[in-house]
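Notes for the structure review
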Amino acid sequence: MARILLGVSGGIAAYKALELVRLATGSGHAVRVIQTPASRRFVGPDSFVALSGAPVLFFEDEADPLRGAYPGEEPAGELPISHLALAERADLYLIAPATANTIAKLAHGFADNLLTAAALACRAPLLVAPAMNERMYLHPATQQALSQLKARGVQVIAPGRGRLASRGEEGWGRLAEPGELLARCEQALAGGDGHEHERSLAWLRGRRVLVSAGGTREPIDAVRFLGNRSSGRMGYALAGAASRAGAEVMLVSANAQLPAPAGVRVLAVQSAADLEREMIAASPSADLIMMAAAVADFRPREPADGKIKRAGRKRLTIELERTGDILAQLVGARRAGQLIVGFAAEHGEAGILEARRKLKEKGVDAIVYNDIADPTLGFDAEENAVTVLAHEGERRLARAPKPTIAEGILTALHELGATRQLADTSA
Ligand SMILES: Cc1cc2nc3c(=O)[nH]c(=O)nc-3n(C[C@H](O)[C@H](O)[C@H](O)COP(=O)(O)O)c2cc1C
């Protein structure tokens, strides 16, 4: 586990740095936070103190009560310690969010506050995550400053495109999500150069990707339905990750209450029959199909037209019939060079065996196995932990936010060799 120094500068996205500290400390890292004075307008230090378990510093002349120690370490004795001790002892320094102002100063080597001075004093990998509105981000001054930083070996974590923190603003400049920031820190700590991420997802560029997400609803009568607890977050995260990697993505979404990921075409459906129809219709042109939706196995055979009345009944029996096996149909109709990935939510120890059986028998290229025994993971949760099973191997992805898991799944498909059978589009 590492000592992570986090520099927070003054943009609206500073609130996301709180979540990053929560994730990083939850993963066992020791985090110390430096804020710029301007950032205090957005997030006060108390939340960072509570989440990191250590004081927050702003100024160069401020005494550090921990004398440069990270949480879990003994503070040094009485010896005076440099105001830059935190930077000297860090295994990694991440500045997130990095404002246009701070980026410009870093590019020119300014040291006018503790955050910028620490960047000059730090010999550990420096990662910078810009966040600002699109005009500021695309301005040549910011772009040149970022190029200068990259040329010096600083890893720039590119912002995403989408809704920005300022109300009504949209475009490039959205701070990378906390899960991605942590994943990038961990790659850098493992000696990465910051480009692994793009390389491992490069296979998606120009591909057509079809994803199903959410949970189907099967009508019992005009107002009631049989449903399930799927929120759609995993499928939305997969669609978003594939789109960011340059794929053309269509998402068939069953009853999910989530914003459409940037650049993704979303088609809303309700029942298993709707989902089946849309998936089958869209599948011929897809290079990659991922069936992440939780689809009902059974539906009421004869849904009532009106509302079934309570009066006069002691019991109600609803006869169910099987729904269609969408995955089997997709596999049956697959064209050469198409990759099909199924999802299996199973319970407990026997679950992985069941997932292996499905991989063999269903004719899919990979299965993403989700153990739903832990109620804090999977269905309707922000986080997940899965195993990707392909014919040439398996990869376990440890507990992480769903956007991170989504990228892990797409990376694993490639690294386990499942993507080899995709038709070559490079010609
Ligand atoms: C409401 C508000 C929101 C702001 N959001 C951002 C932002 O997202 N990104 C950015 O680069 N600057 C933003 N700024 C401008 C910075 O706060 C300003 O440039 C400040 O000097 C940055 O100082 P620092 O880099 O030392 O933290 C915002 C300013 C205000 C008043």
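Structure: see above.
All residue numbers here refer to positions counted from 1 along the written sequence of the relevant chain. Whole-chain, interface and lining totals are the exception, using all residues; otherwise, since this is a predicted model, local features are given only for residues with pLDDT of at least 70 and side-chain atom pairs are given and counted only at 80 or more. Each side-chain value is worked out from all heavy atoms of the structure, with water and hydrogens disregarded.

1. Let's talk about the pairing of strand E18 (residues 366-371)
Relative accessibility decides the category of a residue: with a 1.4 Å probe and only protein chains considered, values under 20% of the type maximum give buried, values over 50% give exposed, and everything between is partly exposed. Helix and strand definitions follow DSSP, with helices as H or I runs of at least four residues and strands as E runs of at least two, each counted in order from the N terminus. Burial analysis of E18 places five of its six residues in the buried class, which makes it a mostly covered element. Two strands pair under a simple rule: DSSP has to find at least two bridges between them. Note that strand E17 (residues 339-346) and E18 share six bridges and pair parallel. By the bridge assignment for E18, phenylalanine 343 is matched with valine 368. In terms of handedness, the path from E17 via helix H13 (residues 351-362) over to E18 forms a crossover that is right-handed. Where E18 lies against strand E19 (residues 383-390), five bridges are found, and the strand directions are antiparallel. In the sheet register, tyrosine 369 faces E19, and the bridge partner there is threonine 387. Look down the strands so they point away from you; if going from the first strand over the helix to the second traces a clockwise path, that crossover is right-handed.

2. Some remarks on the packing of aromatic side chains
For Phe, Tyr and Trp, rings pair up if their centres lie within 6.5 Å, where Trp contributes its six-membered ring, and each pair is then called stacked (planes under 30 degrees apart), edge-to-face (over 60) or tilted (otherwise). Enumeration according to the criterion identifies one aromatic pair in this entry. Measuring from centroid to centroid gives 5.9 Å for phenylalanine 58 and phenylalanine 59, while their planes differ by 35°, and the two rings are tilted. Two conditions define a charge located above a ring, namely a distance within 6 Å from the ring centre to NZ of Lys or CZ of Arg, and an angle within 35 degrees of the ring normal. Above the plane of the ring of phenylalanine 58 lies arginine 40, whose end atom (NZ or CZ) is 4.2 Å from the centre. Sitting over the ring of phenylalanine 298, arginine 322 keeps its end group 5.5 Å from the ring centre.

3. Regarding the nonpolar core
By nonpolar core we mean a set of buried residues, namely Ala, Val, Leu, Ile, Met, Phe, Trp, Tyr and Cys, connected to one another through side-chain atoms within 4.5 Å. In this structure, Leu204, Val209, Leu288, Ile409 and Leu410 are the most contacted members of the largest nonpolar core, which totals 40 residues. If one sorts the elements of this core by residue count, helix H10 (residues 233-244) sits on top with seven residues. Pairs of residues are marked as contacts when any of their non-hydrogen atoms sit within 4.5 Å. Every residue in contact with isoleucine 409, bar those within four places of it in the chain, is listed here: Met234, Leu238, Phe343, Val368, Val386, Val388 and Leu397. The next biggest cluster of nonpolar side chains, apart from the first, holds 32 residues, and it includes Ala90, Ile95, Leu114 and Leu126.

4. Some remarks on the pattern of salt bridges
Note on pairing: side chains with opposite charge can pair once their charged atoms come close. Salt bridge, as used here: a side-chain nitrogen of Lys or Arg that lies within 4 Å of a carboxyl oxygen of Asp or Glu. Tallied over the entire structure, the rule returns 24 salt bridges. The salt bridge partner of glutamate 354 is arginine 357, with a shortest N-O separation of 2.6 Å. With glutamate 354 and arginine 357 both in helix H13 and three residues apart, this pair spans about one turn of that helix. In this structure glutamate 354 comes out as partly exposed when scored by relative accessible area, which is 26%.

5. Quick word on the site of the ligand
Here a residue is near a molecule or strand as soon as one of its heavy atoms is found within 4 Å of it. The environment of the ligand is made up of 15 residues, and the closest members are Gly10, Thr36, Thr99, Ala100 and Thr102. For the purposes of these results, a polar contact is taken to be a pair of N or O atoms within 3.5 Å, where, inside protein, one atom must be able to donate a hydrogen and its partner to accept one; residues adjacent in sequence count only when each atom of the pair is a side-chain atom. Taking glycine 10, its main chain carries an N or O atom lying 2.6 Å from an oxygen atom of the ligand. Separating a nitrogen atom of the ligand from a backbone N or O atom of alanine 131 is a distance of 2.9 Å. All accessible areas in this document rest on Shrake-Rupley with a 1.4 Å probe, and a residue is counted as covered only by the protein chains that are shown. Coverage of the ligand by the protein chains reaches 68% of its 640 Å² of free accessible surface. For the shell around the ligand, the element with the most residues is helix H4 (residues 100-107), which contributes three residues.

6. Here we look at unusual backbone geometry
With an omega of -5°, the peptide bond running from alanine 96 to proline 97 counts as cis. In this structure, proline 97 sits in strand E4 (residues 92-98). Phi at arginine 67 takes a positive value of approximately 50°, unusual for a residue other than glycine. Under the relative-accessibility criterion, arginine 67 is labelled partly exposed at 27%. If you check the backbone angles, asparagine 255 has positive phi at about 60° while not being a glycine. The topology assignment puts asparagine 255 in the loop between strand E12 (248-254) and strand E13 (265-269).

7. Examining the packing of H10 against helix H14 (residues 402-415)
Helix packing geometry: the angle between the two helix axes and the distance between the axes. For helices, the fitted line uses only the C-alpha atoms of the stretch in contact; every axis is such a line through C-alpha atoms, and the angle between N-to-C directions lies from 0 to 180 degrees. Two elements in contact, H10 and H14, have axes separated by 8 Å at closest approach and are oriented at 60°. Taken together, the axis directions place H10 and H14 in an arrangement best described as oblique. The interaxial crossing formed by H10 with H14 has right-handed handedness. Facing Arg233, Met234, Ala237, Leu238, Ala241, Ala242 and Arg244 of H10, the residues of H14 in contact are Lys402, Pro403, Ile405, Ala406, Glu407, Ile409 and Leu410. Three classes are used: nonpolar for Ala, Val, Leu, Ile, Met, Phe, Trp, Tyr, Cys and Pro, charged for Asp, Glu, Lys and Arg, and polar for all others, with Gly counted as polar. Here the residues of the contact of H10 with H14 sort into ten nonpolar, no polar and four charged. Roughly parallel covers angles under 35 degrees, roughly antiparallel covers those over 145, roughly perpendicular covers 65 to 115, and oblique covers all other angles. Should the near helix be turned anticlockwise from the far one by less than a right angle, the crossing is left-handed, and should it be turned clockwise, the crossing is right-handed.

8. Points about helix H8 (residues 178-189)
Over its twelve residues, H8 extends 16 Å from the first C-alpha to the last, a length consistent with the 16 Å expected when each residue adds 1.5 Å. Of the residues making up H8, those classed as buried are Pro178, Gly179, Glu180, Leu181, Leu182, Arg184, Cys185 and Ala188. Trailing H8 by a residue or two, glycine 191 shows a phi angle of about 95°, which is positive. An expected span of 1.5 Å times one less than the residue number is assigned to each helix.

9. Some words on the sheet that holds strand E3 (residues 56-57)
Hydrogen bonding along the main chain pairs the strands of a sheet, whether they run parallel or antiparallel. Read from one edge to the other, the open sheet built from six strands follows the order E3-E2-E1-E4-E5-E6, with strand pairing classed as parallel. The sheet terminates laterally at E3 and strand E6 (155-156), the two strands that pair on one side only. In this structure, E4 lies alongside strand E5 (residues 126-130), joined through four bridges in parallel fashion. Counterpart to leucine 94 in the pairing with E5 is leucine 127.

10. A few points about the packing of helix H1 (residues 14-26) against helix H2 (residues 45-52)
Interaxial distance between H1 and H2 falls to 9 Å at its minimum, and their mutual angle equals 10°. Taken as axis vectors, H1 and H2 run roughly parallel relative to one another. Of the residues in H2, those touching H1 at Ala14, Ala17, Leu18, Val21, Arg22 and Thr25 are Ser47, Phe48, Leu51 and Ser52. Looking at the contact of H1 with H2 residue by residue, the class counts come to six nonpolar, three polar and one charged.

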